[in-house]
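Structural features, examined
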Amino acid sequence: MTDHATPRARHEISPDPSRLDAARIHHWLSTDAYWALGRTREQQDRAIAGSLNFGAYDLATGEQAAYARVVTDHASFAWVCDVYVDPAARGHGLGTRLVTAVRDHLTPLGVRRFLLATKDAHGVYARLGFTPLADPDMWMALQVD
């Protein structure tokens, strides 16, 4: 996938890991994302290193405005996680465009199952075709404290 921006967009979305602002990502997630509060910088850096990452960058300033991380085998499965849009960039569809870019990047590789978890953004993801699990009784989780 190459960097791209739509004509109406103020941001371009890229999977280029060299463009990520790891300090900004860590700050966003560890201080403002309910699912990652308190995550250490070392944990975040390992998560970035072991994942496919997407950034959204302001066309005027080059600053990172949003982030999404994907745990994937690049063949059949993807877990979309750590989707975060800077508060100043919210309300303009950037999160939707970011997750669309993730989908569009992985679908040609054969990925057909995308999962994510959210406490409060079901409507955002529903617009992209995400639905509740059809058979949640099949799924299991292991929480290690």
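Residues numbered from 1 in each chain as written. Predicted model: local features only at pLDDT ≥ 70, side-chain atom pairs only at ≥ 80, totals over all residues. Heavy atoms only, no water.

1. Side note on the pattern of salt bridges
Counted by the stated rule, this structure contains nine salt bridges. Across the salt bridge formed by aspartate 58 and arginine 10, the nearest N and O atoms sit 3.9 Å from each other. One end of the pair, aspartate 58, is in strand S2 (residues 52-58); the other, arginine 10, is in the segment before strand S1 (11-14), and 48 residues separate them in sequence. For arginine 103, the salt bridge identified is with aspartate 104, shortest N-O distance 3.0 Å. Salt bridges here are not isolated pairs; linked through shared partners, they connect Arg39, Arg69 and Asp82. (Salt bridge = Lys/Arg side-chain N within 4 Å of Asp/Glu carboxyl O. Helix = DSSP H or I, 4+ residues; strand = E, 2+ residues; numbered from the N terminus.)

2. So, a nonpolar patch on the surface
Taken together, the side chains of Val71, Phe77, Trp79, Leu133, Met138 and Trp139 make up a nonpolar region of the molecular surface, amounting to roughly 550 Å² of accessible area. Relative to the elements of secondary structure, tryptophan 139 occurs in the segment after helix H4 (122-126). (Patch = residues over 30% accessible without salt bridge, like charges linked within 9 Å, V, L, I, M, F, W, Y side chains within 5 Å. Areas by Shrake-Rupley, 256 points an atom, 1.4 Å probe, with all protein chains shown as cover.)

3. Brief notes about the pairing of S1
Side chains His11 and Ile13 of S1 all project onto a buried face; the interleaved residues Glu12 and Ser14 project onto the opposite face, where all are buried too. Examined bridge by bridge, S1 and S2 share four bridges and lie antiparallel to one another. By the bridge assignment, isoleucine 13 is partnered in S2 with alanine 56. (Buried < 20%, exposed > 50% of the residue type's maximum accessible area, 1.4 Å probe, protein only. Pairing = 2+ DSSP bridges.)

4. A look at the sheet that holds strand S4 (residues 77-85)
In spatial order, the strands read S1-S2-S3-S4-S5; together these five strands make up an open sheet with mixed pairing. In this open sheet, the two strands that pair with only one neighbour each are S1 and strand S5 (113-115). Between one strand axis and the next, the sheet turns through 20 degrees on average, direction left out of account. Here six bridges tie S2 to strand S3 (residues 64-72), and the two strands are oriented antiparallel to one another. For tyrosine 57, the partnering residue across the bridge sits in S3 and is glutamine 64. (Axes fitted to C-alpha atoms, helices over the stretch in contact; angles between N-to-C directions.)

5. Remarks on the pairing of S2
Burial analysis of S2 places seven of its seven residues in the buried class, the great majority of the element. Burial of the side chains of S2 extends over both faces: Leu52, Phe54, Ala56 and Asp58 are buried on one face and Asn53, Gly55 and Tyr57 on the other. Between S2 and S3, which pair antiparallel one after the other, the connecting turn spans five residues, and glycine 62 there sits at a positive phi close to 80 degrees.

Purely spatial values, then, with no claim about function.
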